[in-house]
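Examination of the molecular architecture
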Amino acid sequence: MKIFLTKVKNQLQKNKKPNQFLGEWCWPDNKSKNNEQTINYHWNNRKKLKRDYYKLLKIYEITLDALAKKLNLIHKKSYSKRFWRILVGAWLLYFIQICFDRWFMIKQAIKEKRKFTATFSIISKQKSVPENMKEFVQLISTDEYNGFIFKEVLEFIKNKNIIINAQKVKNNKKNNYKLNLQWKEKCKTLANLIKKLFRCIYLNNKVFIYKSCLNHLNELLLNIIIKNFAPFSFQQVQKSSKERKLNIFIRSQKIKIQKTNLICFSKFLEKSVIKNIPLAYLEKFQELNESSLKQSWPTHPKVIFTTNGYLHDEEFKLYAARCTESGSTFLIAQHGGGFGLTSWQADEYHQKCIADHFLTWGWREKNNSKALPFGIIPDYAEINLKAKTNGDALLVGLSIPRYSYRMFSFPVSSCQWSHYFSNIQTFADSLDGNIKKALLVRFEKNSYGHFEKERCVNKSLNLRFDDGNLSIQEKLKKSRICICTYNGTTFLETFAANFPTIVFWDPKQFELRENAKKSFQKLAEAGVFFENPKSAAQFLNTSWNHIDEWWKSRKVQNAVAQFTKKYALRRQNKIKNLACIIKKFLRKEKYAF
């Protein structure tokens, strides 16, 4: 019996035997799968998903301990666990969760089928090791990289009943990361020249603001108020060596993980972590360190502030890690949705762990003094919109990779995304004819191979899909209402802009935090939030001709205002208030909200 673990070129069998798939991520097209079988996906049990999330957090912490010791030994350093958490923690957290999912699904296939030929596509070992975190994020949505992880698992398990059929493919995709670097290098030449001219002043700054999500004018104003000479926070692009030579001797070494409840999986991690760690943290660590030191950034800042520099920017992460070792305060601000709302969230966990303080969009946490309610900081989230009376009904959909990549209370992998998309189809099918014609469906340009349009054609749904060429703000200006289908940033932005919005999703796929449920209940009572696509469609059918009247009613406005105050607060005098917080931290004072 042949089981496909990933998509493989020409994978459909010509005989009458049904195709066997490890998951829906292997499906070659969007057509009916009546003649094909798929292994039961373990995280379709959402209770198991949540339990596994907390189990894997414990394994992550133990593994990070071991990895920090190993990296200190390799690089002859004595950095703290926090230093390595800031630099490699995000990668390790993703990697552990990815490996566990692939691991468990192989075990599930063995349990259900016992004996089979595992067929999948892979790339070479040389290309499977990412340069850095940004390249890793690009790789994890590809069939070839996931095939490589499946191969690692199969070789570790060594089950005699499984025949490995790995098909190597050429990875001819252009490296967008390098292209982006070249673009930045050309566009920021003037800024870098200015930095060099004023390097001495920059180096003595007590505050470093990096990727604040503020426009240049607001960031300049912030720096003026805190008396910081830093009109630009651009990263000075360094040319990275193109060599990708792996140190096989070091990568063959193991880390020693303390005993956990998942002993066999922990043994797999002991062997796999160093073997698969990005080059930036191993072979190119010295090069990364030199590049970070060449940046025109303050030598001894008292406060470092960012919104989204914590994930992909290796030079900045190393800089922040080095500065926190010397006592700098690391301040991170929320830059998107889901935080404070989702029942569990790996990214939120990581950010709060590496930061000294975490500025939220308004929400608080009883048992975490790090989370400080402030309000929306990104300028792009503070949009001023006016609904168009005879405009479209803009439905905003969720695009996720076909393979699971991180753990949060969202649909995980294609296996659950299909159910999510079927709710959108149900919603559209339940609309009256004139409203269905006005419906415009918007997904990200990168659909990850989910075949959204084709799925709708198969269901005889003649829907209009947005081409994605205009920003969502421009599309909203041509709409009378926004329909949000997932627990993300969009509905927080439209709420903050007081733009007519309804929200619907399956509560079994988007589990809420306990202290957020009351807020959503009030939205539901006002006809803004729905847990059923048909109910949402029926409401829109009855309200379509008087959307503005409904939205401006006292009940709706009160419910939305209370919600935005807690989760999408638009703070007056935002820049002055942010400057006040930074000044407090400069003086090492506690800030009272």
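These remarks concern the structure in this document. (Residues numbered from 1 in each chain as written. Predicted model: local features only at pLDDT ≥ 70, side-chain atom pairs only at ≥ 80, totals over all residues. Heavy atoms only, no water.)

Membership of the largest hydrophobic core comes to 171 residues, with the highest contact counts inside it found for Leu 22, Phe 265, Phe 427, Leu 439 and Phe 491. For this core, the element with the most residues is helix α2 (residues 81-113), which contributes 20 residues. Of all hydrophobic cores here, the second largest spans 20 residues; its members include Leu 214, Leu 222, Phe 374 and Ile 377. (Core = buried A, V, L, I, M, F, W, Y, C linked by side-chain atoms within 4.5 Å. Buried < 20%, exposed > 50% of the residue type's maximum accessible area, 1.4 Å probe, protein only. Helix = DSSP H or I, 4+ residues; strand = E, 2+ residues; numbered from the N terminus.)

So, about a nonpolar patch on the surface. A surface patch of nonpolar side chains, about 300 Å² in accessible area, is lined by Leu 217, Leu 220 and Ile 224. Mapped onto the elements of the fold, Ile 224 is located in helix α9 (residues 216-225). (Patch = residues over 30% accessible without salt bridge, like charges linked within 9 Å, V, L, I, M, F, W, Y side chains within 5 Å. Areas by Shrake-Rupley, 256 points an atom, 1.4 Å probe, with all protein chains shown as cover. Salt bridge = Lys/Arg side-chain N within 4 Å of Asp/Glu carboxyl O.)

Quick look at helix α5 (residues 143-157) now. The terminal C-alpha atoms of α5 lie 21 Å apart, and with 15 residues this matches the ideal 21 Å at 1.5 Å per residue to within 8%. The set of residues buried in α5 consists of Asp 143, Tyr 145, Asn 146, Gly 147, Phe 148, Ile 149, Phe 150, Glu 152, Val 153, Leu 154 and Ile 157. Within two residues after α5, Lys 158 carries a phi angle of roughly 55°, on the positive side. (Expected span 1.5 Å × (residues − 1).)

Structurally, Ala 355 is set in the loop between α14 (346-354) and β9 (357-360). Sequence separation of Ala 355 and Phe 330 is 25 residues, and the distance between their C-alpha atoms is 5.2 Å. Non-local contacts of Ala 355, meaning those with residues more than four positions away in its chain, are made with Arg 82, Phe 330, Ile 332 and Lys 370. (Contact = heavy atoms within 4.5 Å.)

Below, the discussion takes up the sheet that holds strand β16 (residues 529-530). Taken together, the 6 strands give an open sheet; going across it, the order is β13-β12-β11-β14-β15-β16, and neighbouring strands pair in parallel fashion. Since the sheet does not close on itself, it has two edges, and those belong to β13 (464-465) and β16, each with one partner. Inspection of the sheet shows strand β12 (residues 439-442) paired to β13 by 2 bridges, in the parallel sense. Directly across from Val 441, in β13, lies its bridge partner Phe 465. Contacting β14 (479-484), β15 (501-504) and β16, helix α21 (residues 533-543) crosses the sheet at an angle of about 160° to β15. (Pairing = 2+ DSSP bridges. Axes fitted to C-alpha atoms, helices over the stretch in contact; angles between N-to-C directions.)

A separate point is the sheet that holds strand β8 (residues 329-333). Strand pairing in a sheet relies on backbone hydrogen bonds. The paired strands run either parallel or antiparallel. Across the sheet, 5 strands lie side by side as β6-β7-β8-β9-β10; this open sheet has parallel pairing. Taken across any chain shown, the strands that pair with only one partner, and hence form the sheet edges, are β6 (207-210) and β10 (371-373). Across this sheet, the average inter-strand angle for adjacent strands is 20°, counted without regard to direction. Note that β6 and strand β7 (residues 303-306) share 4 bridges and pair parallel. Bridge pairing in β7 places Tyr 210 opposite Thr 306. Lying on the sheet, helix α24 (residues 574-586) is in contact with β6, β7, β8, β9 and β10; it crosses β7 at an angle near 150°.

Inspection of every chain in the model, using the stated rule, returns 57 aromatic pairs. Here Tyr 41 and Trp 43 contribute two aromatic rings whose centre-to-centre distance is 6.4 Å and whose plane-to-plane angle is 85°, an arrangement assigned as edge-to-face. Plain terms: the ring middles of Phe 410 and Tyr 486 are 6.4 Å apart, the flat faces sit at 70° to each other, and that makes the pair edge-to-face. Placement of the pair is Phe 410 in the loop between β11 (392-396) and α15 (413-429) and Tyr 486 in the loop between β14 and α19 (490-496), with a sequence separation of 76 residues. A single burial state applies to Phe 410 and to Tyr 486, both of which are buried. (Phe/Tyr/Trp six-rings, centres within 6.5 Å; stacked < 30°, edge-to-face > 60°.)

Phi is positive for Lys 76, close to 60°, though the residue is something other than glycine. For Lys 76, the location among the structural elements is in the loop between α1 (46-75) and α2. Using a relative accessible area of 75% as the deciding quantity, one classes Lys 76 as exposed. Even without being glycine, Lys 211 reaches a positive phi, approximately 50°. Within the fold, Lys 211 resides in the loop between β6 and α9. A relative accessible area of 30% places Lys 211 in the partly exposed class.

Here β12 shows two buried faces, one formed by Leu 439 and Val 441 and the other by Leu 440 and Arg 442. Two elements, β11 and β12, share 4 bridges in a ladder whose sense is parallel. Bridge pairing in β12 places Leu 394 opposite Leu 440.

Our focus in this paragraph is α15. Between its first and last C-alpha, α15 extends 25 Å over 17 residues, near the 24 Å set by a 1.5 Å rise per residue. Within α15, 13 of the 17 residues are buried, which leaves the element mostly enclosed by the surrounding structure.

Let's shift gears to the side chain of Glu 511. Take Glu 511: it is sitting in the loop between β15 and α20 (517-525). By relative accessible area, Glu 511 is classed as buried at 15%. The contact partners of Glu 511, leaving out residues within four places of it in the chain, are Arg 46, Leu 341, Thr 342, Ser 343, Trp 344 and Ser 409.

Where α1 meets α2, the closest approach of the two axes is 8 Å, and the angle between their N-to-C directions is 130°. Of the possible angle classes, the one that applies to α1 and α2 is oblique. Pair α1 / α2 crosses with right-handed handedness. Residues of the contact of α1 with α2, tallied by class, amount to 16 nonpolar, 5 polar and 6 charged. (Parallel < 35°, antiparallel > 145°, perpendicular 65-115°, else oblique. Left-handed = near helix turned anticlockwise from the far one by under 90°. Nonpolar A, V, L, I, M, F, W, Y, C, P; charged D, E, K, R; others polar.)

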